[in-house]
Amino acid sequence: MSVAARPQLSHLRALESEAIHVMREVAAEFERPVLLFSGGKDSIVLLRLAEKAFRPAPFPFPLMHVDTGHNFPEVIEYRDRRVAELGERLIVANVQDSIDSGRAVEETGPRASRNRLQTVTLLDAIAEHGFDAAFGGARRDEERARAKERIMSFRDDFGQWDPKNQRPELWNLYNGRIHKGEHARVFPLSNWTELDVWEYIDQECLEVPHIYFAHERKVFERDGMLYAWREGTELIEGEEIFEETVRYRTVGDMSCTGGVRSHAATLEEVVLEIAATRITERGETRADDRVSEAAMEDRKKAGYF
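Because the structure is predicted, anything quoted here is derived from the model rather than measured.

Draft legend 1. View of the pairing of strand E9 (residues 242-247). Across 5 bridges, the pairing between strand E7 (residues 215-222) and E9 is antiparallel. Along E9, the bridge assignment pairs Lys218 with Glu243. Examined bridge by bridge, E9 and strand E10 (residues 258-261) share 2 bridges and lie antiparallel to one another. Along E10, the bridge assignment pairs Val246 with Arg261.

Here you go:
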């Protein structure tokens, strides 16, 4: 068979193959991995990749979600239902428990958020369960600090990340050696874009929480972003609650995640909308990334995902 006649991997299949290779390498090299599953689109793709990597056997790791207590109810419902369908084990690490134990301090005021408190809860859960590797759905196109990460990113025994001290990853070879107390964050989707994720979801016919599609919702506007209104939300003077047709590009803590005006109600329409946008999802919809130019990098150095 000539070179020209050989079947070629599509772009998405090449990304899929690389991610499956990463997952299998981690399962082989580490003793106690865990997959972080929030019910968001990136972790939904990770679940499908794990199915392709390990089925029909059970996953060689549990799933874990760091729950702020302020997550979108639709996403939590989807998370629990999807885990039950797969028959896998889910560990829920609650930020509220960190607050109750004095490990984290609750923020107050209209701009209060539990998003930053997730770091303590995550590190405590990793230590409690002895996890030595954690899969996450972070991608390099999300934010400049995440673009500095390697696929296998190491954390010291304090859970901290040093962007200047990372291991080379040549020819898809990964060095998983760690000392006691250290762990690795592993990003199988590092080379994917938001558009790749949505095209893969479309191609694989994956279900996602319906808040990713255009829907009517009570919102209020703050700092140029549309936040979902819920009982107990503290408004700033001049802010009003109104109904708008929005969808969400990312599904973090409700207190810092904004929606975008949209009429994209199908996977095909979402793909077309993402293909046309020039603003990253975190840059457009995550308030915690707007605190400073180095906001994400500072959190990551402290142990954030």
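Let's pick the thread back up.
Draft legend 2. Just the packing of aromatic side chains, in detail. Applying the stated criterion across every chain yields a total of 7 aromatic pairs. Seen in terms of ring centroids, Phe54 and Phe61 are 5.6 Å apart; in terms of plane orientation they differ by 85°. Their pairing is edge-to-face. One exposure class covers both Phe54 and Phe61, and it is buried. Consider the rings of Trp192 and Tyr200, whose centres lie 5.2 Å apart with planes at 80°: the pair is edge-to-face. In this structure Trp192 comes out as buried when scored by relative accessible area, which is 1%. Here the aromatic cluster, defined as three or more aromatic residues joined through ring pairs, consists of Phe54, Phe59, Phe61 and Phe135.

Draft legend 3. Just the pairing of strand E6 (residues 183-186), in detail. Burial of the side chains of E6 extends over both faces: His183 and Arg185 are buried on one face and Ala184 and Val186 on the other. Both strand E4 (residues 133-135) and E6 contribute to a ladder of 3 bridges, which runs parallel. When the sheet's bridge partners are listed, Phe135 is paired in E6 with Val186. Note: strand E5 (residues 152-155) against E6, 4 bridges, orientation antiparallel. Opposite Phe154, over in E6, you have Ala184 as the bridge partner.

Draft legend 4. Fine view of the sheet that holds E4. Sheet architecture is open: 6 strands sit in the order E3-E2-E1-E4-E6-E5, paired in mixed fashion. One side of each edge strand has no neighbouring strand; the edge strands of this open sheet are strand E3 (90-94) and E5. Adjacent strand axes in the sheet meet at a mean angle of 30° when their direction is disregarded. Sheet analysis places strand E1 (residues 33-36) next to strand E2 (residues 63-67), joined by 2 bridges and oriented parallel. Each bridged residue has a counterpart across the sheet, and for Leu35 the counterpart in E2 is Leu63. Sheet contacts for helix H3 (residues 73-86): E2 and E3; angle to E2, the most-contacted strand, approximately 165°.

Draft legend 5. Structural detail: helix H5 (residues 118-129). Counted at 1.5 Å a residue, the expected span for H5 with its 12 residues is 16 Å, and the 16 Å between its end C-alpha atoms agrees. Here H5 has its buried residues at Gln118, Thr119, Thr121, Leu122, Leu123, Ala125, Ile126 and His129. Among the residues trailing H5, Gly130 stands out with phi positive, at a value near 70°.

Draft legend 6. Main features of the sheet that holds E9. Spatially, 4 strands are ordered E7-E8-E10-E9 in a closed barrel, and the strand pairing comes out antiparallel. The sheet shows a mean angle of 70° between the axes of neighbouring strands, taken without regard to direction. Examined bridge by bridge, strand E8 (residues 225-228) and E10 share 2 bridges and lie antiparallel to one another. Residue pairing in the sheet places Tyr227 in a bridge with Gly258 of E10.

Criteria and cut-off values
- Residues numbered from 1 in each chain as written.
- Predicted model: local features only at pLDDT ≥ 70, side-chain atom pairs only at ≥ 80, totals over all residues.
- Heavy atoms only, no water.
- Pairing = 2+ DSSP bridges.
- Helix = DSSP H or I, 4+ residues; strand = E, 2+ residues; numbered from the N terminus.
- Phe/Tyr/Trp six-rings, centres within 6.5 Å; stacked < 30°, edge-to-face > 60°.
- Buried < 20%, exposed > 50% of the residue type's maximum accessible area, 1.4 Å probe, protein only.
- Axes fitted to C-alpha atoms, helices over the stretch in contact; angles between N-to-C directions.
- Contact = heavy atoms within 4.5 Å.
- Expected span 1.5 Å × (residues − 1).

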